[in-house]
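# An overview of the molecular structure
Here is how the chains run, residue by residue.
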Amino acid sequence: MAHDLLILAGDGIGPEVMGEVKKVIGWFNANGMAFEVEDDLVGGCAYDAHGQAVSDATMDKALKADAVLLGAVGGPKWDKVPYEVRPEAGLLRLRKDLELFANLRPAKCFDALADFSSLKRELVEGLDILIVRELTGGVYFGEPKEIRDLGNGQKRAIDTQVYDTYEIERIASVAFELARVRQNRVCSMEKRNVMRSGVLWNEVVTQVHKDRYADVQLSHMLADAGGMQLVRAPKQFDVIVTDNLFGDMLSDVAAMLTGSLGMLPSASLGAPDAATGRRKALYEPVHGSAPDIAGQGKANPIACILSFAMALRYSFNAGDAADRLEAAVEKVLADGVRTGDLLGPQGGTAVSTSQMGDAIVAALEDGAR
Ligand code: NAD
């Protein structure tokens, strides 16, 4: 059965890196898989075409697709467009309307790039952790959220951290399920020492573990201590589950353990469909549209290609294909093939975006022989 993939390449380097993903998809289609790809617009390019950062027709397609793969949105061209239709609004609508509550950010260190890390090689060599961040609740969305004028020359800014049991249960379940197909360990992070939401988070994660996932090893850590441990001894972690705010920060810290922004994929998942069991899903590189290098063939396509590998694993139940694609990326890096962002202080010759894509497809082909 064909897999429906909606591709929203977006702005800036989005279409360039997505072009290389399409080569990879073409390879898998020629080797036994069946992806039906449809392209559409999101971000600034959608605003130029429809006056909206994502149109209703595109949203319909996203809701029906088996998975959505997004490049990047934004750029200086759209700095002055109205706030509600700015490019990022397209991304936020996708996340909201698809109800993508679980954000998965892997931090995996490829051996060939271990010297790019901000930490010593021995601390990051072989690192493979997954941060599962709650994405649709917590302090970014809680009400009231306002700046009040107190009338005495003072203002009061209020953000509300709020979590209901079901929100914690469903994100904890995602983390435990993912741990089962990894190293079977989950570390839950919150601030139960100073936040009521942290107390409930801790209780609910503990209960979900006891009821349904007792086979998984669970530990708890205060989020500030977790940040410290991430840079002290990151390899102690397998899956980290945490809320929206702490997850935002901890996943950026973890990202820098592995080197370049051009290497980092992500996935955002919704609840499983009652009839099919399929989760709505959006896959995208962590980086933005990189206007400074757009259109020059300099962008590293690996983050976007690894985002497709996540789609293989989490939407298409094709873990073997994902392993194969990740091994192809690993081989190309081990062979010394580098886009400009991966050259480092000692320099060398950079390949173009398209040459990097070609090298990965060639490595896939080699691996298949
Ligand atoms: P950015 O991630 O676009 O770029 C930061 C730096 O990293 C730049 O120097 C860029 O050249 C480099 N870089 C990023 N991706 C790269 C790649 N694949 N290969 C090589 N180098 C790469 O972040 P920014 O400059 O802060 O933002 C630029 C635009 O992107 C803004 O409009 C911002 O709003 C938008 N943005 C979008 C997303 C998204 O679509 N999810 C995320 C972040 C920023």
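Because the structure is predicted, anything quoted here is derived from the model rather than measured.

## Here we look at the overall build of the protein
When helices and strands are counted, the protein shows 12 helices and 12 strands. Taking 21 Å as the expected radius of gyration for a compact globule of 369 residues, we find that the protein reaches 21 Å, a close match to that expectation. Each principal axis of the C-alpha atoms in the protein carries an extent, and together these give about 60 × 50 × 50 Å. A buried classification covers 51% of the 369 residues belonging to the protein.

## Describing the pairing of strand β3 (residues 67-72)
Remember that side chains alternate between the two faces of the sheet whenever the strand is regular. Of all six residues making up β3, six are buried, and the element is well covered by its neighbours. Examined bridge by bridge, strand β1 (residues 3-10) and β3 share five bridges and lie parallel to one another. Bridge pairing links Gly10 to Ala72 in β3. Taken together, the two bridges between β3 and strand β12 (residues 279-285) define a ladder with parallel strand orientation. Directly across from Val68, in β12, lies its bridge partner Leu282.

## Examining the site of the ligand
Every one of the 20 residues lining the ligand counts as a neighbour, but Val73, Glu88, Gly288, Ala290 and Asp292 are closest to it. At 2.7 Å, a backbone N or O of Gly288 approaches an oxygen atom of the ligand. Between an oxygen atom of the ligand and a main-chain N or O atom of Ser289, the distance comes to 3.1 Å. With the chains in place, 67% of the 800 Å² that the ligand exposes on its own is no longer accessible. Grouping the amino acids of the shell around the ligand by side-chain chemistry returns nine nonpolar, seven polar and four charged.

## Observations regarding unusual backbone geometry
Note the cis peptide between Glu143 and Pro144, where omega equals 0 degrees. The backbone phi angle of Glu99 is positive, close to 50 degrees, even though this residue is not glycine. As for its placement among the helices and strands, Glu99 is situated in the loop between α4 (87-97) and β4 (102-108). Assessed through its relative accessible area of 56%, Glu99 is described here as exposed. You will see that Asn184, though not glycine, has its phi angle at about 65 degrees, which is positive.

## Section: the nonpolar core
In terms of nonpolar packing, the biggest core is built from 73 residues, with Phe28, Leu104, Val132, Phe308, Leu312, Leu325 and Ile360 touching the most fellow members. The biggest single contributor to this core is helix α10 (residues 302-314), with nine residues. Ignoring sequence-local partners within four residues, the contact set of Leu104 consists of Leu130, Ile131, Val132, Val174, Leu178, Ser266, Ala267, Leu269, Met310 and Tyr314. Residues Cys109, Met221, Ala254 and Leu257 belong to the second largest nonpolar core, which totals 19 residues.

## Focus: the pairing of β1
With six of eight residues buried, β1 is to be regarded as a mostly interior element. Of the strand pairs in this sheet, β1 and strand β2 (residues 35-40) are connected by six bridges, and their pairing is parallel. Along β2, the bridge assignment pairs Leu5 with Val37. Between the parallel elements β1 and β2, the chain passes through helix α1 (residues 14-30) in a crossover that is right-handed.

## Focus: the domain arrangement of the protein
It is common to give the size of an interface as the accessible area lost on bringing the parts into contact. Domains assigned within the protein are domain 1 (1-103 + 266-369) and domain 2 (128-257). Each of domain 1 and domain 2 was reduced to a C-alpha centroid, and the two centroids are 26 Å apart. Taken together, the contact between domain 1 and domain 2 spans eight residues of the former and 12 residues of the latter. Among the residues of domain 1 in contact with domain 2, Phe101, Asn103 and Tyr314 are the three that bury the most area, contributing 60% of the side total.

## Some thoughts on the sheet that holds strand β5 (residues 128-134)
The 10 strands are arranged β2-β1-β3-β12-β11-β4-β5-β10-β8-β9 in an open sheet whose pairing can be described as mixed. Both outer strands of the open sheet, β2 and β9 (217-222), are each paired with one neighbouring strand and no more. For this sheet the average axis-to-axis angle between neighbouring strands, irrespective of direction, equals 20 degrees. Contacts from helix α9 (residues 244-256) reach β4, β5, β8 (185-190) and β10 (239-242) within the one sheet, and its direction differs from that of β5 by about 155 degrees.

Thresholds, definitions, all that
Residues numbered from 1 in each chain as written. Predicted model: local features only at pLDDT ≥ 70, side-chain atom pairs only at ≥ 80, totals over all residues. Heavy atoms only, no water. Helix = DSSP H or I, 4+ residues; strand = E, 2+ residues; numbered from the N terminus. Rg over C-alpha atoms; globule rule 2.2 N^0.38 Å. Buried < 20%, exposed > 50% of the residue type's maximum accessible area, 1.4 Å probe, protein only. Pairing = 2+ DSSP bridges. Near = heavy atom within 4 Å. Polar contact = N/O pair within 3.5 Å; in protein donor to acceptor, adjacent residues only side chain to side chain. Areas by Shrake-Rupley, 256 points an atom, 1.4 Å probe, with all protein chains shown as cover. Nonpolar A, V, L, I, M, F, W, Y, C, P; charged D, E, K, R; others polar. Core = buried A, V, L, I, M, F, W, Y, C linked by side-chain atoms within 4.5 Å. Contact = heavy atoms within 4.5 Å. Right-handed = clockwise from strand over helix to strand, strands pointing away. Domains from an automatic or database assignment. Buried area = accessible area lost by both parts, 1.4 Å probe. Axes fitted to C-alpha atoms, helices over the stretch in contact; angles between N-to-C directions.

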